[in-house]
Amino acid sequence: MTESHALVTGAAGFIGSHLVERLLANGTRVTGVDGFTDYYDPAIKRANLIGPLADSRFRLLELDLGEADLATLPEVDVVFHLAAQPGVRASWGAEFATYTHHNVLVTQRLLERYRESRLERFVYASSSSVYGDAERYPTPEDLLPRPFSPYGVTKLAGEHLVLLYGRNFGLPGVALRYFTVYGPRQRPDMAFHRFCRAMLRGETIAIYGDGSQSRDFTFVADAVEATFLAWERGGGPATYNVGGGSQVEVREAVALLERLLGVKAKVRHEPTPPGDPLRTRADSTRLRAALGMVPSIGIEQGLAAEAEWARRLYGEGR
Ligand code: NAD
Ligand code: UGA
């Protein structure tokens, strides 16, 4: 049997780099694509790929999927499309053009490139941000999405594109709605990374509102496992919630980090920025039934892993 070949877009990013490692460990050949956008320091993204680049079954293509001639991309068995402009709170104003470019146009171009290919699966990284402040918790996939941020609109547009190429051309597209993913290599703009960095440096952290907002935080290994299983079992066109299985308030997470890092947080409260929903909570029935996936890492274990990683990056704290 020939080995499978996967294309991973956004391969140098937080979730993408973990997915590449998971696929290589599975014996899959991987072509990674990344444009090393400057939303955060590209040097961090290069460091994310040090392991894979030492593996002869990994190849990296550095290109902007919104500009490059995509005919040069290889024929593969499966596409994992994670490249995007992330970040809920930064998607207002002039920045919206960046979001439509990377999240909508890029997705459409990639779908055009692969629509005639005989893919086993086209897996798209969607987001809990498509729900906004949902009408129901836990939120099932078939509730009418109602984004609360421009970012959420672009992720939903990308998701619709994936599913409509499925209905029109038979492309086996699957959209995974990840719920706030955390763990080692988390993006530097995300809450837990910001909290760890500030606490280890003795700086003040900003908590939006009173900290009672909550998320169905998902450990990165669980998100990656669901992504892998979506290739094997995803069917399509289909959407799946990928949540961590518990609801945690931001202030509870800060208290846990204080214990894990042995540092008392200096806290400044700031007004809740526009676009930030109060609560997310995944209904995981479909994930469990169709993909056979049950998240295995709870917040205590997951935050301990992120805190340990942050200590190595930023030093010991006190
Ligand atoms: P990330 O920014 O770390 O990774 C995205 C990568 O895509 C970056 O390395 C970037 O350089 C690359 N990229 C962006 N535009 C590109 C383009 N036009 N061409 C080539 N490469 C491009 O983000 P992440 O947190 O790893 O998120 C990965 C995916 O998961 C994104 O689609 C995001 O919307 C989605 N998602 C993330 C979370 C989360 O909590 N991290 C939650 C829900 C959904
Ligand atoms: C995250 C990702 O950034 C998005 O790319 C992704 O699409 C989204 O999850 C999702 O699940 O759809 P977010 O939930 O805002 O978005 O993730 P964090 O940045 O980790 O924020 C978590 C919570 O901490 C939010 O409620 C936010 O209000 C709060 N926060 C964040 C603070 O109180 N202070 C900060 O400095 C940062």
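Residues numbered from 1 in each chain as written. Chains lettered and ligands numbered in written order. Predicted model: local features only at pLDDT ≥ 70, side-chain atom pairs only at ≥ 80, totals over all residues. Heavy atoms only, no water.

J.: It is not clear to me how the nonpolar core should be interpreted in this structure. Could you clarify?
T.: Nonpolar side chains in soluble globular proteins generally cluster together in the buried interior. In terms of nonpolar packing, the biggest core is built from 63 residues, with Leu23, Phe80 and Tyr178 touching the most fellow members. With eight residues, the top contributor of residues to this core is helix α7 (residues 220–233). Composition of this core by domain shows at least three residues from each of domain 1 (5–179 + 218–245 + 280–295) and domain 2 (191–212 + 247–278 + 302–314). Sequence-distant contacts of Leu23, that is, excluding residues within four places in its chain, are made with Ala6, Val8, Thr28, Val30, Phe80, Phe228 and Trp231. Listed in part, the 23 residues of the second largest apolar core include Leu63, Leu111, Tyr114 and Tyr124. (Core = buried A, V, L, I, M, F, W, Y, C linked by side-chain atoms within 4.5 Å. Buried < 20%, exposed > 50% of the residue type's maximum accessible area, 1.4 Å probe, protein only. Helix = DSSP H or I, 4+ residues; strand = E, 2+ residues; numbered from the N terminus. Domains from an automatic or database assignment. Contact = heavy atoms within 4.5 Å.)

J.: Can you walk me through the side chain of Thr280 in this structure?
T.: Its place among the elements puts Thr280 in the loop between β13 (266–270) and α9 (285–291). Residue classification places Thr280 among the buried positions, given a relative accessible area of 6%. A polar contact is formed between the side chain of Thr280 and the backbone nitrogen of Asp216, at a distance of 3.2 Å. Among residues more than four places away in sequence, those in contact with Thr280 are Ser128, Tyr137, Phe179, Ser214, Arg215, Asp216 and Gln247. (Polar contact = N/O pair within 3.5 Å; in protein donor to acceptor, adjacent residues only side chain to side chain.)

J.: I keep staring at the packing of aromatic side chains and nothing clicks. Help me out?
T.: Here the distance between the centres and the angle between the planes together describe a pair of aromatic rings. Inspection of every chain in the model, using the stated rule, returns ten aromatic pairs. Between Tyr182 and Phe192 the ring centres are 5.4 Å apart and the planes differ by 85°, which places this aromatic pair in the edge-to-face class. With Tyr182 in strand β7 (residues 181–182) and Phe192 in helix α6 (residues 191–201), the pair connects residues that are ten residues apart, well separated along the chain. Comparing Tyr182 with Phe192, the two get one shared label, buried. Taking 6.3 Å as the distance between ring centres and 85° as the angle between the ring planes, the aromatic pair formed by Tyr182 and Phe217 counts as edge-to-face. Remark: Phe217 occurs in the loop between β9 (214–215) and β10 (218–219) and Tyr182 occurs in strand β7; sequence separation between them is 35 residues. Take Tyr182: its relative accessible area is 0%, and that puts it in the buried class. Chaining the aromatic ring pairs together yields one cluster made of Tyr182, Phe192, Phe217 and Phe219. In this structure, Arg46 is placed above the aromatic ring of Phe36, and the distance from its NZ or CZ to the ring centre is 3.9 Å. (Phe/Tyr/Trp six-rings, centres within 6.5 Å; stacked < 30°, edge-to-face > 60°. Lys NZ or Arg CZ within 6 Å of the ring centre and 35° of its normal.)

J.: Is there a simple way to explain the pairing of strand β11 (residues 238–242) in this structure?
T.: Looking down a regular strand, the side chains alternate between one sheet face and the other. Within β11, five of the five residues are buried, leaving the element largely enclosed by the surrounding structure. Relative to β11, strand β6 (residues 173–178) runs parallel, the two being bridged by five bridges. Considered in β11, the bridge of Ala175 is made with Thr239. (Pairing = 2+ DSSP bridges.)

J.: Even after reading the chapter, I still don't get the domain arrangement of the chain, so can you show me in this structure?
T.: Interface size is commonly expressed as the accessible surface area that is lost when the partners come together. Structurally, the chain comprises domain 1 (5–179 + 218–245 + 280–295) and domain 2 (191–212 + 247–278 + 302–314). A separation of 26 Å is found between the C-alpha centroids of domain 1 and domain 2. The partner domain 2 presents ten residues to the ten residues of domain 1 that form the contact. Summing both partners gives a buried area of about 920 Å² for domain 1 against domain 2, and 60% of it is carried by carbon and sulfur. Between the two partners, domain 1 and domain 2, sit one salt bridge. The residue inventory of the side of domain 1 that touches domain 2, partitioned by class, reads four nonpolar, three polar and three charged. (Buried area = accessible area lost by both parts, 1.4 Å probe. Salt bridge = Lys/Arg side-chain N within 4 Å of Asp/Glu carboxyl O. Nonpolar A, V, L, I, M, F, W, Y, C, P; charged D, E, K, R; others polar.)

J.: Where do I start with the environment of Gln247 in this structure?
T.: Turning to its location among the elements, Gln247 is positioned in the loop between β11 and β12 (248–249). The spatial distance from the C-alpha of Gln247 to the C-alpha of Phe217 is 7.0 Å, given a sequence separation of 30 residues. Among all residues touching Gln247, those that are not within four sequence positions of it are Ser214, Arg215, Glu252, Arg279, Thr280 and Arg281. Side-chain polar atoms of Gln247 contact the side chain of Ser214, separated by 2.6 Å. Within polar-contact distance, the side chain of Gln247 engages the side chain of Arg279 at 3.2 Å.

J.: Before we go on, may I ask you to explain the site of ligand 2 in this structure?
T.: For ligand 2, the set of nearby residues contains 23 residues, the closest of which are Arg89, Ser127, Tyr151, Thr180 and Asp276. A distance of 2.8 Å separates an oxygen atom of ligand 2 from a polar atom in the side chain of Ser129. Tyr151 places a polar side-chain atom, nitrogen or oxygen, 2.6 Å from an oxygen atom of ligand 2. Elements with a minimum of two residues in the shell around ligand 2: α6 and β8 (204–208). For the shell around ligand 2, the per-class residue count stands at twelve nonpolar, six polar and five charged. (Near = heavy atom within 4 Å.)

J.: How should I be thinking about the site of ligand 1 in this particular structure?
T.: Around ligand 1, a shell composed of 30 residues is seen, among which Asp34, Tyr40, Tyr151, Lys155 and Val181 lie nearest. For ligand 1, whose free accessible area comes to 830 Å², the fraction covered by protein is 97%. Elements represented by at least two residues in the shell around ligand 1 include exactly α1 (14–25), α4 (96–114), β5 (121–127) and α5 (150–169). No other element matches the three residues that β5 contributes to the shell around ligand 1. When the residues that make up the shell around ligand 1 are grouped by side-chain class, the tally is 17 nonpolar, eight polar and five charged. (Areas by Shrake-Rupley, 256 points an atom, 1.4 Å probe, with all protein chains shown as cover.)

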